[in-house]
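What follows is the residue order along each chain.
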Amino acid sequence: MSIERGHAHGIPDVQTTFNGRLGYACLNTVLRNKKPASEAVFCSRTCRINSIKKNGIDWVKNLGRKNAQDLMEIIEWNERNNIRFMRISSDMFPFASHETYGYSLTYCAPLLAQVGDLAKKYGHRLTVHPGQFTQLGSLREGVVRSSIRELEYHCEMLDLMGIGPDGVMVIHGGGVYGDKKATLERIRKTIRDDLPKNVRNRLVLENDEVSYTAADLLPLCADLDVPLVFDYHHDTLNPSRGLTPAEITEQANAIFRRRGIKPKQHYSEPREGAISIMERRAHSNRCQSLPAGLPDDMDLMIEAKDKEQAVLQLYRIYNLHRDP
DNA sequence: GGAAGTCAAGTCTTA
DNA sequence: TAAGACTTGACTTCC
């Protein structure tokens, strides 16, 4: 990426050659905060297990239906605002992967197909990021089983939407259990031997801020042809030895490309004034800049508390995707 | 309508 | 040992 800064007419003028999509995660602050609250639009309606027991499985499934309907409204909003990339909330279908209370998403197939069609019509990329409970390297078999179920649930959702290879599922390496090398081997084995093909095809690994650096994951990723999502913020907190962000993204994007998937990476900034490690891990409300050395042709997920507003602010700063 | 307490799941770090 | 961080607060109860 090349950046030019000037101050013509006293207005900061920052330009970039970046031409990928900027996206945001899970929640649209404008639609979520609509008043009255009954008009709020969001995809993370959920419940408690007690409520499932009380109200029954169809009631939970109806929450998922509402979430999916609202996702279409969010996509429409994004299109009106020139945003064409977002992460779908893992809460779309509450408890769908639960061992006891789980359920198939086929009841919602027509609606999910509609969502996928809308996304395709607008060239809108949809991805997912299963949670921290997804531990493919756990020493406990039950945890690995639950993790695979969680991946299968996300994959079923994307498959029913008819979303292509760009609809990736991003997870972290997870815990190290006191032996990173042995855990990486377990992760490798689980990916290679235990994941259904459609799940493995969407799987992507991401460096995190405490355990696995990009350098830790790249050999495994290259070997198994599993792309790597590079998170710039995590890398500053937990740096990859011997590799610059530019070198990492080059290698990571090469795996994406040979898999026929558009590269995507993550970007966020720490809160202003954050000093301690805990503070620095937290995401800021907005981002002040795009990362240095950003390749032009990839998508970038902006992880910031202000969600779509952070994306729109970057549009303004860099003069991106402005209407003519 | 708002406040407080609670909620499926895992792991690690810091206070 | 408890709290807080992570991809994301939302639900439930009580006032």
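Our structure's up above, just so we're on the same page.
Note that the structure is a prediction, hence the values are computed from the model and not measured.

Thresholds applied
- Residues numbered from 1 in each chain as written.
- Chains lettered and ligands numbered in written order.
- Predicted model: local features only at pLDDT ≥ 70, side-chain atom pairs only at ≥ 80, totals over all residues.
- Heavy atoms only, no water.
- Salt bridge = Lys/Arg side-chain N within 4 Å of Asp/Glu carboxyl O.
- Helix = DSSP H or I, 4+ residues; strand = E, 2+ residues; numbered from the N terminus.
- Buried < 20%, exposed > 50% of the residue type's maximum accessible area, 1.4 Å probe, protein only.
- Near = heavy atom within 4 Å.
- Nonpolar A, V, L, I, M, F, W, Y, C, P; charged D, E, K, R; others polar.
- 1 Å grid on protein atoms, 1.4 Å probe; cavity = no way out; pocket = protein on both sides within 12 Å on 5 of 7 lines; lining within 4 Å.
- Points joined across faces, edges and corners; volume = space filled by probe spheres on them.
- Polar contact = N/O pair within 3.5 Å; in protein donor to acceptor, adjacent residues only side chain to side chain.
- Phe/Tyr/Trp six-rings, centres within 6.5 Å; stacked < 30°, edge-to-face > 60°.
- Lys NZ or Arg CZ within 6 Å of the ring centre and 35° of its normal.

Here's the deal with the pattern of salt bridges
- Within this structure, the stated rule accounts for 16 salt bridges.
- The closest approach of N and O atoms between R45 and D70, which form a salt bridge, is 2.6 Å. Taken together, the residues R45 in the loop between α1 (29–32) and α2 (49–55) and D70 in helix α3 (residues 57–80) connect sequence positions 25 residues apart. Taken individually, R45 and D70 each receive the classification buried, so the pair is uniform in this respect.
- Between R192 and D193 there is a salt bridge, with its nearest N and O atoms 3.2 Å apart.
- Among the residues examined, R192 registers a relative accessible area of 45% and is labelled partly exposed.
- Sharing partners across several salt bridges, the network here consists of R21, R125 and D299.

With respect to the protein's contact with DNA strand B
- In the vicinity of DNA strand B there are 17 residues, among which R48, I49, F133, V176 and Y177 approach most closely.
- Taken together, the residues of the surface near DNA strand B break down into eight nonpolar, six polar and three charged.

Looking at the layout of surface pockets
- Looking at the largest pocket, its volume works out to about 1300 Å³.
- H129, P130, G131, Q132 and F133 are, among the 47 residues lining the largest pocket, the residues nearest its centre.
- Every element with two or more residues in the lining of the largest pocket is listed here: β4 (85–88) and α5 (141–161).
- No other element matches the five residues that α5 contributes to the lining of the largest pocket.
- When the residues that make up the lining of the largest pocket are grouped by side-chain class, the tally is 15 nonpolar, 21 polar and 11 charged.
- Counted as a void, the second largest pocket has a volume near 150 Å³.

Regarding the protein's contact with DNA strand C
- In the vicinity of DNA strand C there are 22 residues, among which R48, S51, Q132, H172 and R281 approach most closely.
- Take the atoms of DNA strand C that sit within 4 Å of the protein: sugar and phosphate atoms are 60% of them.
- For DNA strand C, a phosphate oxygen lies 3.0 Å from a polar atom in the side chain of H234.
- When its residues are assigned to classes, the surface near DNA strand C shows four nonpolar, nine polar and nine charged.

Remarks on unusual backbone geometry
- Residues K35 and P36 are joined by a peptide bond in cis, for which omega reads -5°.
- Here P36 lies in the loop between α1 and α2.
- Non-glycine residue K307 carries a positive phi angle of around 50°.
- Relative to the helices and strands, K307 is located in the loop between β10 (299–302) and α12 (308–318).
- According to the relative accessible area criterion, K307 is buried, its value standing at 19%.

A look at the packing of aromatic side chains
- Overall, the coordinates contain four aromatic pairs when judged by the stated rule.
- With a centroid separation of 6.2 Å and an interplanar angle of 65°, the aromatic rings of Y103 and Y107 are classed as edge-to-face.
- Under the relative-accessibility criterion, Y103 is labelled buried at 9%.
- Between the aromatic rings of F230 and Y232, the centroid separation amounts to 4.8 Å while the plane-to-plane angle is 65°, which identifies the pairing as edge-to-face. An identical accessibility class is assigned to F230 and Y232; each is buried.
- In textbook terms, an aromatic cluster arises when at least three aromatic residues are bridged by ring pairs, as seen for F93, Y103 and Y107.
- Sitting over the face of the ring of F42, R32 holds its NZ or CZ atom 3.8 Å from the ring centroid.
- The cationic tip of R45 hangs over the ring face of F42; the distance from NZ or CZ to the ring centre is 4.4 Å.

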